[in-house]
Every structure is written in C-alpha cells, then in structure tokens.
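Each chain is listed here by its residues.
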Amino acid sequence: MTNQDEHKEGIRGMINPRRYGVERVAYLLMRLSGLGLLAYFIGHIYETSSILKGQVGWNEFLELTQTNAGHAILAIVIGMCVFHTVNGIRVMLGHGGVGVGKPARPDYPYTPASQNIRHKMGIYSAIILAAIAMMYGLAVMFGE
Amino acid sequence: MKESIIMKIHYGTALAAVALVAVHILMRLTQGFAESLEYDSVIANYKFLPYAGMLEIILILLSIHGFNGLRVILLELKQGKTYEKAVSYGCVAAMIALIAYGSRTIIMVNTGMM
C-alpha cells in the first residue's frame, strides 16, 4: 500500500490542458513560450558574439542560421514572442483588476468571475495574432 | 526583496522590453531582412552609440525578465527553503553572466576592440 493520494497527479495533472479550459492552455503556453524565448535569447546573444571573429566568423554563423530550418525556428520564435506579449498584457491587466468582474458572493455553480468572456477573448486574440505574425515572418524571410 | 516588488519589476521590464524590441525588429525590416544582417550593416549598428545603448538596455531588461520568469516557473514546480534559495541565487548568477557576455560584444564592437 502506498502513501500517495491516488487523486494527486502532480505536475502531470497540473499541465493537463483538457481539464480546465482555455485558461489552462494559456497558462501552459505562457510558460512554454517564456522558456522558448529565454532559450532563443541566450542563443541570440551567443550568435551575435560571433561578430567578434570578424567577417568570416560572422558569415559562417549566418550560414548556419539562414537556412530553411533556421527560418522555421525563427517563425516559431516570432509566434512565441507575440503570444507571450499579448497574453502577458492580458495577465498584467487581470492582476491590476481590469476585466475580472466585480466581487460577488460565490453561488452555485461557482463560476469564477475572472474567467469571463473578456479574458477568453484576450487568449484567443493572442493565439490568432501569434499565427498572423508567424505567417508575416515567414513571408518576409522566404520572400527574399 | 518582497515578491510584490519583484513582480512589479517583472511587469515593468516586460513593457519596456516590448517597446525597445519593436524598434530593434523594425530596424531589421526597414533595411530589408537579409541586407540588415550583412557584416558591415551589423557593425554600423553597433558603432552607432544610441543604437548600441538601446541594445544594452534590451539585454539588461530581457535578462532580468527572462531569468525572473524562469525562477517563477521553477518555484511553482517545487518548494523548500534550500531549493528556493538555490533557484533564486542561480537565476541571479545566470542573469549577471548573460549580461556580462552580451555587454562584452556590444562594448568591444562599439569601441573597435576586435
């Protein structure tokens, strides 16, 4: 017999996107895009330091990144950046009390006032804008 | 430092970074993406002091925002006095290391030490 509560799923339960609606999807995407952008930022700082090796070093590194795979990765980065920005502004507004509704007595079915249509629209807008920005980025990178 | 103050810094760095990164990206698009990445063009950008200053500010803002975000994610996953201290100090150390490494590139190219 184990001491672990069978209902306690840990991180797996926390990240389950199907259980808590689009808000949980946004929560997950926010963290994944944040980690992705931090990884890209570190890579970008390393990449740009190759300019210290002179024109040959710069061009060698540029050849690695200016490929179809490099452009596809950059398009994903653009998407992550736009989603993280738009959803981040939504989260900031929510933390500031904007668009979360008025405090009220919790009655059945206990629908949280903060998880309302305005914030859902914010999440969907972030996803749509990220997709548009990715397409624009791909058009710029592959259009040349 | 109080967590509420850290979150205000987190949001402040995010808003400032959005504005400056928009300028940084627009510089790539107005020049033409491929041309803006040519060696001479990049060197000219670094040599232009206001632009180099902006890159330095972006570097600091994004490092603070990025590593504080990583700290928040790691603290959500696990708690404990030793763990929290290790995560916080580790993130600060990584932030300082990244700022130092990025600043080295900006300063060396801007001053012609290469």
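Just so it is clear, the structure is predicted and the values come from calculations on it, not from any experiment.

On to the overall build of chain B, then. Check the secondary structure of chain B and you find five helices and zero strands. In chain B, the order of α-helices and β-strands from amino to carboxyl end is α-α-α-α-α. Radius of gyration (C-alpha) of chain B: 17 Å, far over the 13 Å computed for a compact globule of 114 residues. Considered along the principal axes of its C-alpha atoms, chain B spans approximately 50 × 30 × 20 Å. By the burial criterion, 20% of the 114 residues in chain B qualify as buried. Put simply, 74% of the contacts in chain B that link residues at least 6 apart link residues at least 24 apart.

Take the overall build of chain A next. Counting its regular elements, chain A contains five helices and zero strands. Helices and strands in chain A line up, N terminus first, as α-α-α-α-α. Taken over the C-alpha trace, chain A has a radius of gyration of 21 Å; the compact-globule value for 144 residues is 15 Å, which it surpasses by more than 25%. Taken along its principal axes, the extent of the C-alpha atoms in chain A is 65 × 45 × 25 Å. Relative to its 144 residues, chain A shows a buried fraction of 20%. Once local pairs closer than 6 in sequence are excluded, the contacts in chain A between residues at least 24 apart make up 69%.

At the interface, 22 residues of chain B touch 21 residues of chain A. Elements supplying a minimum of two residues to the side of chain B that touches chain A: helix H1 (3-31), helix H2 (33-36), helix H3 (39-47), helix H4 (49-77) and helix H5 (81-111) of chain B. Split into classes, the residues belonging to the side of chain B that touches chain A amount to 18 nonpolar, four polar and no charged.

All right, on to the nonpolar core then. Among the nonpolar cores identified, the biggest contains 30 residues, and Ile78, Cys81, Val82 and Phe83 of chain A are the most heavily contacted of them. Among the elements that line this core, the one with the most residues is helix H4 (residues 68-95) of chain A, at eight residues.

All names here are of chain B. Closest axis-to-axis distance for the H3/H5 pair is 8 Å, and the angle between their directions is 95°. Here H3 is positioned roughly perpendicular relative to H5, judged by the angle of their axes. Where H3 approaches H5, its residues Ile43, Tyr46 and Lys47 are matched on the opposing element by Ile106, Val109 and Asn110.

Residues and elements named next belong to chain A. Between Tyr108 and Pro109 the backbone carries a cis peptide bond, its omega angle lying at 10°. In this fold, Pro109 is placed in the loop between H4 and helix H5 (117-142). Of note, Tyr110 is a non-glycine position whose phi angle comes to about 55°, a positive value.

The next thing to look at is helix H2 (residues 22-48) of chain A. Along an α-helix, residues three or four apart share an orientation, since each turn contains 3.6 residues. The end-to-end C-alpha distance of H2 of chain A, which contains 27 residues, comes to 37 Å, matching closely the 39 Å that a straight helix rising 1.5 Å per residue would cover. Every buried residue belonging to H2 of chain A is among Ala26, Leu29, Met30, Ser33, Leu37, Leu38 and Phe41 of chain A, and all of these are buried. As for H2 of chain A, its buried residues are in contact with H4 and H5 of chain A together with H4 of chain B.

A separate point is the confidence of the model for chain B. Looking at chain B as a whole, its pLDDT mean stands at 94, while 100% of the residues score no less than 70. Predicted complex, confidence summary: ipTM 0.94, pTM 0.91.

About the cut-offs
- Residues numbered from 1 in each chain as written.
- Chains lettered and ligands numbered in written order.
- Predicted model: local features only at pLDDT ≥ 70, side-chain atom pairs only at ≥ 80, totals over all residues.
- Helix = DSSP H or I, 4+ residues; strand = E, 2+ residues; numbered from the N terminus.
- Rg over C-alpha atoms; globule rule 2.2 N^0.38 Å.
- Buried ≥ 20, exposed ≤ 12 C-beta atoms within 10 Å, placed from the backbone.
- Contact = placed C-beta atoms within 7 Å.
- Nonpolar A, V, L, I, M, F, W, Y, C, P; charged D, E, K, R; others polar.
- Core = buried A, V, L, I, M, F, W, Y, C linked by C-beta atoms within 7 Å.
- Axes fitted to C-alpha atoms, helices over the stretch in contact; angles between N-to-C directions.
- Parallel < 35°, antiparallel > 145°, perpendicular 65-115°, else oblique.
- Expected span 1.5 Å × (residues − 1).
- pLDDT = per-residue confidence, 0-100.

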